[in-house]
Amino acid sequence: TVTRRLISTYFDTPHHTLRKSGIALRIRRHPGGFEQTVKAPVQGAAGLQTYQEWNSPVPDNVPLISGIEDREIRSLLTLGNRQKRLRALFVTDVERIALPVKFAGSEIEMALDIGRIKAAGGQSEAVAEIELELLSGNPSAVLELALQLAELQALGLGHLTKSERGYYLARPALRPFCCKADKSGLSSDIMVPPAFISIMNGTLEHLRGNEQPVAEGHPEGVHQARVAIRRLRAALWTFRSILPTEERKAFNQEFRWFQGRLSPPRDWHVFLDETVPAIRSAYPGRRTAAARLGKAAREERRRVTDDVTNLFCDVRYTRLILQFTAWISDQAESLDSSVSDMPVAEFAANILDQSHGRFLADPRPLARMSTKKRHALRKRGKKFRYACEFFAALWPGPRTDAWQNSMKQFQEALGVINDVSVAGQSASLLVATDSAAGNLVQEWSEQRLAECLRETQPKWRKFRRLEPFWRDGSNLAG
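So, how was this worked out
- Residues numbered from 1 in each chain as written.
- Predicted model: local features only at pLDDT ≥ 70, side-chain atom pairs only at ≥ 80, totals over all residues.
- Heavy atoms only, no water.
- Phe/Tyr/Trp six-rings, centres within 6.5 Å; stacked < 30°, edge-to-face > 60°.
- Helix = DSSP H or I, 4+ residues; strand = E, 2+ residues; numbered from the N terminus.
- Lys NZ or Arg CZ within 6 Å of the ring centre and 35° of its normal.
- Core = buried A, V, L, I, M, F, W, Y, C linked by side-chain atoms within 4.5 Å.
- Buried < 20%, exposed > 50% of the residue type's maximum accessible area, 1.4 Å probe, protein only.
- Axes fitted to C-alpha atoms, helices over the stretch in contact; angles between N-to-C directions.
- Parallel < 35°, antiparallel > 145°, perpendicular 65-115°, else oblique.
- Left-handed = near helix turned anticlockwise from the far one by under 90°.
- Nonpolar A, V, L, I, M, F, W, Y, C, P; charged D, E, K, R; others polar.
- Patch = residues over 30% accessible without salt bridge, like charges linked within 9 Å, V, L, I, M, F, W, Y side chains within 5 Å.
- Areas by Shrake-Rupley, 256 points an atom, 1.4 Å probe, with all protein chains shown as cover.
- Salt bridge = Lys/Arg side-chain N within 4 Å of Asp/Glu carboxyl O.
- Lys, Arg positive; Asp, Glu negative; His and termini not counted.
- Charge placed at Lys NZ, Arg CZ, Asp CG, Glu CD.
- Pairing = 2+ DSSP bridges.
- Contact = heavy atoms within 4.5 Å.

Enquirer: What is the right way to look at the packing of aromatic side chains in this model?
Expert: Each aromatic ring pair is characterised by the separation of its centres together with the angle its planes make. Using the criterion set out here, one finds 26 aromatic pairs in the structure. With a centroid separation of 5.6 Å and an interplanar angle of 65°, the aromatic rings of Phe-258 and Tyr-317 are classed as edge-to-face. Linking Phe-258 in helix α8 (residues 245–282) with Tyr-317 in helix α10 (residues 315–334), this pair joins segments that are 59 residues apart in sequence. Ring geometry for Phe-410 and Trp-460: centres 4.8 Å apart, planes at 10°, overall stacked. Placement of the pair is Phe-410 in helix α14 (residues 398–431) and Trp-460 in helix α15 (residues 435–465), with a sequence separation of 50 residues. Here the aromatic cluster, defined as three or more aromatic residues joined through ring pairs, consists of Phe-359, Phe-384, Trp-395, Trp-403, Phe-410, Trp-460, Phe-463, Phe-469 and Trp-470. In this structure, Arg-286 is placed above the aromatic ring of Tyr-283, and the distance from its NZ or CZ to the ring centre is 5.2 Å.

Right under this line is the structure:
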């Protein structure tokens with residue numbers, strides 16, 4: 001093992017020119033002097049942070065832009081004379097114990113970092129983490145080693161680099177907040193395997209980007225984490241024809257468990273923020289019961305939200321993410337040639353045709369469907385909608401936009417119907433402690449459900465008449 005003290009100063013412009021481009025610039029002090037490092041992210045293996053680095057010696061703790069090899073980064077820093085405006089934003093001061101490890105035919109450096117990140121304004125945060133860096137060999141070996149370490153010590157996964165954490169210490173507004181799914185799309189000239197990797201990585205990034213907001217009990221973070229898992233499961237379903245059935249089902253079931261844990265907090269957030277105000281407005285003469293209803297809902301929301309703040313710190317989650325990211329890469333590499341050489345647009349059109357037929361299989365008006373059947377329609381619709389979103393960029397144009405807009409409106413209407421139904425179910429829980437409040441919810445739920453069904457039926461008819469956007473090959477993306 002090698003033990004070193006590493007003191008690194010990170011620089012950027014006042015407007016964070018580097019951060020906005022995904023670049024980090026640091027100067028590290030060591031016994032022999034100073035070393036300048038520039039890092040820029042590059043596409044790497046699923047689940048791994050991959051960077052290109054440029055290292056060069058510098059005389060002191062002042063950035064030397066002329067020493068940066070990459071012309072584009074150098075131009076970025078000198079454009080408009082920005083070089084003079086670089087300033088130190090934060091410092092990482094850690095003791096690193098580094099151990100070279102040979103594992104699964106690969107060479108990996110395992111480093112334990114203990115110390116602090118200190119912002120120029122005085123804010124600081126402790127560091128206690130293990131970094132695994134692949135020196136040579138197969139990237140999947142890093143995931144396997146991380147999995148073994150997590151099982152031995154019940155370790156959690158870190159999603160933010162020291163640089164990212166330093167930035168939000170320097171500017172608290174940058175602290176991780178709830179994030180929505182990335183809307184970046186596919187191009188029609190790629191084959192199925194890279195499309196599969198891109199879509200699955202996107203769903204994982206969406207999920208992992210909301211880990212911290214969930215830990216802080218943020219309602220929108222809980223919602224977005226739940227949406228991310230639904231999208232991930234929808235992606236597994238979308239690619240089900242090319243994935244091993246038993247393994248796919250096992251991962252789907254495990255993600256479903258985490259989604260289920262997030263459901264009660266989300267349901268009570270909606271109940272308190274939307275249902276309770278609607279009930280107050282609908283029954284102004286029953287303020288006492290409505291007030292008791294709000295109090296009961298706040299207590300229940302607090303309880304179920306507290307239950308999930310540590311959800312993503314559990315070793316069960318760490319195990320799932322590590323195993324899943326390794327599995328994604330393995331599947332993309334082992335696909336049959338009949339699929340691996342298939343253009344993604346051809347694959348997508350077949351999948352969307354199947355999903356479309358499955359979604360429209362029940363032609364009855366919504367009011368004639370049972371609650372169970374409407375719920376099943378909503379679940380099929382979510383899978384179908386996400387599949388459309390995954391592949392929509394392959395068929396750009398107003399026709400695709402109109403389709404997605406109509407689908408979104410219908411799904412949101414079904415979501416309102418579901419929220420009303422959930423509110424009715426919540427009433428049964430409230431009746432046990434406050435019958436007046438529970439009966440108030442039940443009365444409102446039954447009346448509102450009938451209204452929602454009348455309002456949603458025209459959207460259902462409109463959507464059923466739309467011509468699928470993927471059946472017109474003339475507007476494929478180039």
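Enquirer: In this structure, what is going on with the nonpolar core? I would like to understand it.
Expert: Within soluble globular proteins, side chains that are nonpolar generally end up buried alongside one another. In this structure, Phe-324, Phe-391 and Trp-395 are the most contacted members of the largest nonpolar core, which totals 88 residues. Counting 25 residues, the second-largest nonpolar core is a separate cluster that includes Ile-23, Val-38, Ala-40 and Ile-65.

Enquirer: Help me understand the packing of helix α7 (residues 219–238) against α8 in this model?
Expert: Packed helices, taken two at a time, are described by the angle their axes make and the gap between the axes. Across the interface, α7 lies against α8 with an axial gap of 9 Å and an inter-helix angle of 155°. By the angle between their axes, α7 is roughly antiparallel relative to α8. Regarding α7 and α8, the two cross each other, and that crossing is left-handed. Partitioned by chemical class, the residues of the contact of α7 with α8 number 11 nonpolar, 5 polar and 7 charged.

Enquirer: Where do I start with a negative patch on the surface in this structure?
Expert: On the surface, Glu-144, Glu-246, Glu-247, Asp-330 and Glu-333 cluster together into a patch of negative charge. Taken together, the elements giving at least two residues each to the negative patch come down to α8 and α10. Locating Asp-330 in the fold gives a position in helix α10. The exposure class assigned to Asp-330 is partly exposed, which follows from its relative accessible area of 40%.

Enquirer: Please explain a positive patch on the surface as it appears in this structure.
Expert: Together, Arg-280, Lys-295, Arg-298 and Arg-302 give the surface a local cluster of positive charge. When residues of the positive patch are assigned to their parent elements, the largest contribution, 3 residues, is made by helix α9 (residues 287–306). Take Arg-302: it is sitting in helix α9.

Enquirer: Just to check I follow, could you spell out unusual backbone geometry for this structure?
Expert: Peptide bonds are mostly trans, and most non-glycine residues show a negative phi. The backbone of His-16 sits at a positive phi, close to 55°, despite the residue not being glycine. The phi dihedral of Ala-104 is positive, around 50°, even though this residue is not glycine. Locating Ala-104 in the fold gives a position in the loop between β5 (87–103) and β6 (106–119).

Enquirer: Just to check I follow, could you spell out the sheet that holds β5 for this structure?
Expert: Remark on secondary structure: sheet strands pair via backbone hydrogen bonds, oriented parallel or antiparallel. If you trace the 7 strands from one edge of the open sheet to the other, you get β4-β3-β2-β1-β5-β6-β7, paired in antiparallel fashion. Edge positions in the sheet fall to β4 (51–58) and β7 (124–136), since each of these pairs with one other strand and no more. Put simply, the sheet's adjacent strands are angled 30° from each other on average, direction ignored. The strands touched by helix α3 (residues 140–153) within the sheet are β5, β6 and β7, with β7 carrying the most contacts at an inclination of about 135°. Contacting β1 (2–12), β2 (24–30), β5, β6 and β7, helix α4 (residues 162–170) runs over the sheet at an angle of about 155° to β7.

Function cannot be inferred from these measures alone, as they are strictly geometric.
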